[in-house]
Amino acid sequence: MNATKYKHAGLNLGTSDPGTHEQAESPLFGFWVFLMSDAVIFSLLFAIYLSMLDATAGGPSARDLFELKSAFIQTLILLTSSFTFAMASLNLKYRADEPRRLISWLAITLLLGLIFIGFEVHDLLGMAARDALPQRSGFLSAFFVLVPTHGIHVAFGCLWLIVMIIQIATLGLRSEVKTRIMRLGLFWHFLDIIWIGIFSVVYLWGLL
Amino acid sequence: MARMIDQADAEYVRDLRAYILAFVIALVLTVIPFALVAWKLLSASLALVLICVCGLIQIVVHLRFFLHIGFQSHRDDLYLMLFSGVIILLLAGGTLIVMLDLGSRMM
């Protein structure tokens, strides 16, 4: 009975690994607390961005700077990486005897994360080349806090993915490793939710 | 034993289908707002509303399918979301009201 109950956010291991499922509740709840505090930070960065939208001080505005195509590609990459992480979670739950498949899905997710960061860095450097830097206007300051904060989160997610791949290879899929991957899953899916806000509010509103 | 494996397989297929469904819904909800902006299909104000609606639905889809949040979730997780929601409403909403009001008075 207890093993089938939902104990935490994210995919529950349930009956496929009752031992780990019993231990998972408190580490995952702790991480959920962190994610909610992160959500508060991002919501404030969004509020600052929106209140700074017209504060361009004669400099370039959203319409002059953003590219719809690049934002669309980044969105698709991040959404796909969310799906590939979901596939990794499925393999963690049901195919724990074949860690190679889990590692492959995590590696694909890592690759997509790195491509995403590549696109973002390319865009930011393009803006820098046109002198659209944080010190130019309030609008650009707010933009350069909001979007790169998300990008840095993704970069740390990638680092975490690398660490987890190494841990699966060296330590094997023990309970601690499993709950770490589950927390990374929450982090990764959470970042995709933040990106929904960014592409809607920053890019789509900006180019409307 | 064989029955347990069957049950696990059935669960696997169910979870896999849910993830594929979520991915497809999210994809549609991403393409609609981008198409609206790319081809200027609607008036700006209507497009703005649709972008917000699609974004909010997509957030709910992600929470439900990828983060597995629902009414069956642990109470503490839901309480914490509710509490964070109140904090976000107060801080972000308050910031917007004060700053936009200030902005309009400075004009």
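This structure is a prediction, so every number in the text was calculated from the model and none was measured.

**Student:** Quick question: what am I supposed to make of the packing of helix α1 (residues 18–51) of chain A against helix α5 (residues 138–171) of chain A here?
**Tutor:** All names here are of chain A. At a closest axis distance of 9 Å, the pairing of α1 and α5 adopts a crossing angle of 150°. The orientation of α1 relative to α5 falls into the category roughly antiparallel. Between α1 and α5 lies a crossing of left-handed hand. Residues Leu45, Phe46, Ile48 and Tyr49 of α1 form the contact with α5, whose participating residues are Ala142, Phe143, Val145, Leu146 and Thr149. Taken together, the residues of the contact of α1 with α5 sort by class into 8 nonpolar, 1 polar and no charged.

**Student:** Please explain the packing of helix α4 (residues 99–129) of chain A against α5(A) as it appears in this structure.
**Tutor:** Each pair of packed helices can be described by the angle between their axes along with the distance between the axes. All names here are of chain A. Between α4 and α5, the shortest axis-to-axis distance is 9 Å and the interhelical angle comes to 155°. It follows that α4 is roughly antiparallel to α5 by the angle criterion. α4 and α5 meet at a crossing whose hand is left-handed.

**Student:** Please explain unusual backbone geometry as it appears in this structure.
**Tutor:** All names here are of chain B. Not every positive phi belongs to a glycine, and Lys40 is a case in point at roughly 50°. Of note, Lys40 is situated in the loop between α1 (2–38) and α2 (44–66). Judged by the 11 C-beta atoms lying within 10 Å of it, Lys40 falls in the exposed class.

**Student:** Please explain the interface of chain B and chain A as it appears in this structure.
**Tutor:** Accessible area lost when the parts come together is the quantity often used to give the size of an interface. Each partner contributes residues to the interface: chain B has 43 residues there, and chain A has 40 residues. Looking at the side of chain B that touches chain A, the element that brings in the most residues is helix α3 (residues 75–106) of chain B, giving 14 residues. For the side of chain B that touches chain A, a count of residues per class yields 29 nonpolar, 11 polar and 3 charged.

Cut-off values and rules
Residues numbered from 1 in each chain as written. Chains lettered and ligands numbered in written order. Predicted model: local features only at pLDDT ≥ 70, side-chain atom pairs only at ≥ 80, totals over all residues. Axes fitted to C-alpha atoms, helices over the stretch in contact; angles between N-to-C directions. Helix = DSSP H or I, 4+ residues; strand = E, 2+ residues; numbered from the N terminus. Parallel < 35°, antiparallel > 145°, perpendicular 65-115°, else oblique. Left-handed = near helix turned anticlockwise from the far one by under 90°. Contact = placed C-beta atoms within 7 Å. Nonpolar A, V, L, I, M, F, W, Y, C, P; charged D, E, K, R; others polar. Buried ≥ 20, exposed ≤ 12 C-beta atoms within 10 Å, placed from the backbone.

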